[in-house]
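These are the residues of each chain, in order.
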Amino acid sequence: MNIPSRRSELLMPAGSLEKLKIAVLYGADAVYMGTPDLSLRVKSQMSLEDVIEGIEFAHAHHVRVYLTLNLFSHNKDIDKLPEYVEAVRKVMPDGLIVADPGVFMFVREHAPELELHVSTQANVCSWQSVKFWQSLGAKLCVLGREVSYAELTEIREKCQDIKLEAFVHGSMCMTYSGRCLLSNFMAERGANQGACANSCRWKYKVHMKLKDGTVKELNLTEENMELFDFFLEEEMRPGELMEIHEDERGSYILNSRDLCIMPKLEDYLKIGVDSLKVEGRGKSPYYAGLVARAYRMAIDDWYKDPIGWSPEPYMKELATIPNRGYTLAFHEGRLTNYAHGYDSSGNVSDWEFAGMIEAVEDDAFVVAVKNRLIAGDVLEFVPPKSRKTLLLRIYEFIDAATGKVAEAVNAGQKPMIRIPFALFDQEDLSYLRTAFPPLTLIRKEKALTEDEWQRMKLDMEGQKIELGGGNEDRYDAKRNALQTALDERQKERSFKTPRVGTQGCCGRGCNGCLIFWHDDSYAKARDILAKRKQGEMLEYDGRTVAAE
């Protein structure tokens, strides 16, 4: 097999400075990040100072950095553009990701030296659209998740002189590349201003209504289906019925499983897709590191031996990361029922984030605890640069601050523990100090409830069917087992804060928050925020800040 001249880069999300560093250490070729004000991830935890430090760190490790300016701008955003663009010019990223044509035009006019990338929010799904953006000066186009592999191949053939980027892993938005109004309607949070409430993943009930207006619980069959209208009811809004429509393209079902192209990764590598993008700026450091590690190994191994390459060992790695079940999504051109999770929207894995090395002392690791640890747990240390992990069964935990010893430790108070090198009696001390630097991730097995076990079994069977194996009858049986398990553990649940109205607003000035930007009670808070420096949000509820 001929190796393509274009070598694909692994592009990882950086939702915080810490996540950026972890993604870099665990194998990213490039990272993308933004500041809270003008990127589509308002809670990305990145200040301009973090951006500067992050770019310096990445470049020191020969990793490229792309900044996001990919919101759809409202009038209030335009006044911030000159300040933002001037700041971007100073830090000189390797690319600026833009979706809004007006913003694209502004940057081209005021900072022509910046390399412009067209965001997936621009809905680029054809070679004609790629050529359009290329004619305006774009150097890279991020293709929509709806683009099939056949379409991607044709786009690559007809667009040789511009870089192409495709999503390979992460959450799937149930609207057209994120052009969603559900969040605006349900929670007054603007999805296209980076404040999506993930309303599509809330729990809903389906109600059926006769044409005469009466509501009944009826058994649907092919013979009687045309007699009814269909409605959704969100669990916290009893009585609020929202009608579902169906057209020739099918129903608009909500909760997608997570995109995972790993089983078909070689298809993307062999046609020379320039950038392989992983979604997830809002995900955990554990996600950032271990997804990067899995794809780094897979990409490198394919280039070394494309004939003998298999996705199986890397899929095992990805299974240790909490997920909604994996799907190939639009790879074959059309979603199947197995791309959706109809029964549960939570992230599940039988592994979890145990901790992270904060410091390496002369005789011990100092570890930040991320989930409850108990005596007898086996910790797996996953090094950034080596494929060899390190296992340790631990029976006691030493508080790094007080020296007190306990048989269990909870993550709630962000504890630090010391793990002495003496416990690693089979390892060389110099190896421990060099192979496991600060920011090394640690994982452990997680105890699951019965419904979580059933969910994992169902997810795996669905993925097998998508790949041409599996069994539909077995899938149905596993789905029934999951539904039974869910019914058994169902409890009354409520949210800590309201989902709509001023009582449900944090008041800090999130982009896309219709409450903060339009409610009269936040008028003074908006004036205060307007005087703050670029990228800075209010410390707490704006009404309290305004009253001080």
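Everything quoted here is computed from the prediction, not taken from an experiment. (Residues numbered from 1 in each chain as written. Predicted model: local features only at pLDDT ≥ 70, side-chain atom pairs only at ≥ 80, totals over all residues. Heavy atoms only, no water.)

Asks: Report on the pairing of strand β17 (residues 364-369), specifying residues and quantitative values.
Replies: Along β17, six of the six residues are buried, which leaves the element largely enclosed by surrounding structure. The pairing of strand β16 (residues 351-360) with β17 spans five bridges and is classified as antiparallel. The residue bridging M356 from the neighbouring strand is A368, located in β17. What sits between the antiparallel neighbours β16 and β17 is a turn of three residues. By the bridge criterion, five bridges tie β17 to strand β24 (residues 416-420) in an arrangement that is antiparallel. (Buried < 20%, exposed > 50% of the residue type's maximum accessible area, 1.4 Å probe, protein only. Helix = DSSP H or I, 4+ residues; strand = E, 2+ residues; numbered from the N terminus. Pairing = 2+ DSSP bridges.)

Asks: Tell me what's going on with the sheet that holds β24, and back it up with residues and numbers.
Replies: The strand order across the open sheet built from eight strands is β20-β19-β25-β16-β17-β24-β21-β22, with neighbouring strands paired in antiparallel fashion. The strands lining the two open edges of the sheet, one partner per strand, are β20 (390-393) and β22 (405-406).

Asks: So what's going on with the nonpolar core? Residues and values would help.
Replies: Counting residues in hydrophobic clusters, the biggest one holds 93 residues, and the most contacted among them are V31, L96, M262 and L318. Counting residues per element, this core draws most heavily on helix α10 (residues 285-304), at 12 residues. Setting aside residues up to four positions removed in sequence, L318 forms contacts with H169, C260, M262, V291, A294, Y295, N323 and Y326. Residues V367, F397, V409 and I417 belong to the second largest nonpolar core, which totals 21 residues. (Core = buried A, V, L, I, M, F, W, Y, C linked by side-chain atoms within 4.5 Å. Contact = heavy atoms within 4.5 Å.)

Asks: Please give an account of the packing of aromatic side chains that cites residues and values.
Replies: Tallied over the full model, the rule gives 14 aromatic pairs. Between the aromatic rings of Y286 and F353, the centroid separation amounts to 5.2 Å while the plane-to-plane angle is 25°, which identifies the pairing as stacked. On the criterion of sequence distance, the pair formed by Y286 in helix α10 and F353 in strand β16 is long-range, its members being 67 residues apart. Residue classification places F353 among the buried residues on the basis of a relative accessible area of 10%. A centroid spacing of 6.2 Å and a plane angle of 80° characterise the contact between F381 and F436, whose relative ring orientation is edge-to-face. Highlighted residues: F381 in strand β19 (residues 378-382) and F436 in the loop between α12 (429-435) and β25 (441-445), separated in sequence by 55 residues. The residues F381 and F436 share a single accessibility class, namely buried. An aromatic cluster is defined as three or more aromatic residues linked by ring pairs; in this entry it consists of F365, F381, F421, F424, Y431 and F436. Positioned over the ring face of Y303 is R7, at 4.0 Å from the centre of the ring. If you follow R443 out to its NZ or CZ, it ends over the ring of W351, 5.6 Å from the centre. (Phe/Tyr/Trp six-rings, centres within 6.5 Å; stacked < 30°, edge-to-face > 60°. Lys NZ or Arg CZ within 6 Å of the ring centre and 35° of its normal.)

Note that all results are geometric; they support no functional claim without further evidence.
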